[in-house]
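# A closer look at the structure
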Amino acid sequence: MTAPHARYRRAVAIPAGMAMATALAFLPNTTATAADEAPAAASDDAASLSYVVNVKPGHGTSAYVKKAVGKAGGTIVTSYDQIGVIVVHSSNPGFAKTIRAVRGVQSAGATRTAPLPTAATTDLGTPKALSAAEVAKAKAPAGQDPLEPQQWDLPAIKADKAHEKSLGSKKVTVAVIDTGVDDTHPDIAPNFDRGASVNCVSGKPDTSEGAWRPGASESPHGTHVAGEIAAAKNGVGMTGVAPGVKVSGIKVSNPDGFFYTEAVVCGFVWAAEHGVDVTNNSYYTDPWYFNCKNDPDQKALLDAVGRASRYAEKKGAVNVAAAGNENHDLAADEITDPSSPNDSTPGERVVDPSKCLDIPTQLPGVVTVAATGAKGIKSSFSNYGLGVADIAAPGGDSTAYQKPEPPATSGLILGTLPGGKWGYMAGTSMASPHVAGVAALIKSTHPYASPALVKALLYAQADATPCTDPYDINADGKVDAVCEGSKNRNGFYGWGIADALDAVTK
């Protein structure tokens, strides 16, 4: 039951023939055709690579290091002195090795294996958008938005009951670190936080009007996630998990669909310094599925993103991330990674996931979210692992595997799409925003709670869910995954399934 490997990993395609009548969701790590211009600095030299150079935090880049960067053939794009991360472009293939030997440099590595700019690829899949006729004929009981009866995921975490108590606070902002958010959507516009939105694709913040939006041919993924979190309860379309909180867009995916380290670092630092309470991270940092500490390039990427995520938490943000869609046991002794590096020529390698980390998912302090389907059991594609998966939430599954109760018709997750549309997707990408929404409700209920306390409440309030044993999701007589642990904490569901009602009442 392993999902196919492709670039866009956190939203997953349902197996062919199983759910075509219901939806076609994004394949894992699907990329989109270029729509925006590549950064000017990147296009000047097609042989250039981007690097992160990590130094001691808290000081400006020393003149000595600056001189060394230039001498090694590098150009500084920007520096995040708060965390000691410098973003550099260089066409010198020996740049990283040279700069690592410089006094004051703690680690350094290339953030990609393909020259700037990367070659565009075509979309491999699209979400199933509801037609105008389907939206127009949607009806709901009094007090519900028109499409809410199709959202089986809301009662699955008691969000419908929570909304009777509280919709969340406008003083709480959830940042969607993703492919961009269409803030003109009628379900997103009422709750959009422009001041906390930015384009970080080049590694340097771009705050020009609309820079946080996806291009016309780019992935709608971030917009879908934003609606799941905070689609307004306004008599239009659907309802988010926390429809009273604010949502912002931090665009970190380039036009080709890659989430490179410098962009992710920029995203976390921006969130840290713009009052964000929760970040949602439904991606992995390209080009390495797992980043191994014994590889100097990958170690530098681990260092940089780790510093940035810790900084965001230190500044008050709870970081929530999707566990991934390959049905991997992230607590296993070894995993075969056939897709790294995904921006040039992938090769198969066997890694130890305790030493080679999926980032930001496996970083310390990050809430790692597994996915469940309409029957409340682990989604066929969801990664898992005792001590790795912290919590579970609805991410959808093939309707053939987990069919929802009527009136809902699709086993996937409904969300907002660019251009004022709505549609279905599935993946741990869809599970993570449910937890981000619940975390936002907790923060709304306890406005002075630290990130540590919000996480503690999130886990304590989760509905303990025992292992599904045996786990044979497609009923073919073969075990598709093995769950370890107790009812109160196990590899499939972590501390349990997120509970929105407890979030607003306890």
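Residues numbered from 1 in each chain as written. Predicted model: local features only at pLDDT ≥ 70, side-chain atom pairs only at ≥ 80, totals over all residues. Heavy atoms only, no water.

## Focus on unusual backbone geometry
Cis peptide bonds are those with omega within 30 degrees of zero, and the linkage from Asp286 to Pro287 qualifies with 5°. Following Ser340, the chain continues into Pro341 via a peptide bond in cis, with omega recorded as -5°. Along the chain, Pro341 turns up in the loop between β12 (335–340) and β13 (347–351). Positive phi, close to 55°, is recorded for Asn327, a residue that is not glycine. Note that Asn327 resides in the loop between β11 (318–322) and β12. Positive phi, close to 55°, is recorded for Ala475, a residue that is not glycine. Position of Ala475 among the secondary structure elements: in the loop between α11 (451–461) and α12 (500–505). (Helix = DSSP H or I, 4+ residues; strand = E, 2+ residues; numbered from the N terminus.)

## Focus: the packing of helix α10 (residues 428–445) against α11
Where α10 meets α11, the closest approach of the two axes is 10 Å, and the angle between their N-to-C directions is 115°. As far as their axial angle goes, α11 and α10 are roughly perpendicular. For α10 against α11, the interelement crossing comes out right-handed. When α10 is examined against α11, the residues Val435, Val438, Ala439, Ile442 and Lys443 are found in contact with a partner set consisting of Val454, Leu457, Leu458 and Gln461. (Axes fitted to C-alpha atoms, helices over the stretch in contact; angles between N-to-C directions. Parallel < 35°, antiparallel > 145°, perpendicular 65-115°, else oblique. Left-handed = near helix turned anticlockwise from the far one by under 90°. Contact = heavy atoms within 4.5 Å.)

## Some remarks on the state of the cysteines
Summed over all chains, the structure comprises 3 disulfides. Each sulfur in the disulfide pair Cys200 and Cys266 lies 2.0 Å from the other. Given an S-S torsion of about -60°, the disulfide between Cys200 and Cys266 has left-handed geometry. A residue pair is termed long-range when its members are at least 10 positions apart, and Cys200 in the loop between β7 (198–199) and α7 (221–230) and Cys266 in helix α8 (residues 261–272) qualify at 66 residues. Residue Cys266 is classed as buried on the basis of its relative accessible area of 1%. A disulfide bridge connects Cys467 with Cys483, and the sulfur atoms are separated by 2.1 Å. Around the S-S axis, the bridge from Cys467 to Cys483 shows a dihedral of about -65° and counts as left-handed. Pair noted here: Cys467 is in the loop between α11 and α12 and Cys483 is in the loop between α11 and α12, with a separation of 16 residues, a long-range link. Owing to a relative accessible area of 13%, Cys483 belongs among the buried residues under this scheme. Along the protein, the cysteines that take part in disulfide bonds pair up as 1-2, 3-4, 5-6, counted in sequence order. (Disulfide = S-S within 2.5 Å. Buried < 20%, exposed > 50% of the residue type's maximum accessible area, 1.4 Å probe, protein only.)

Just geometry here; none of it tells us what the structure is for.
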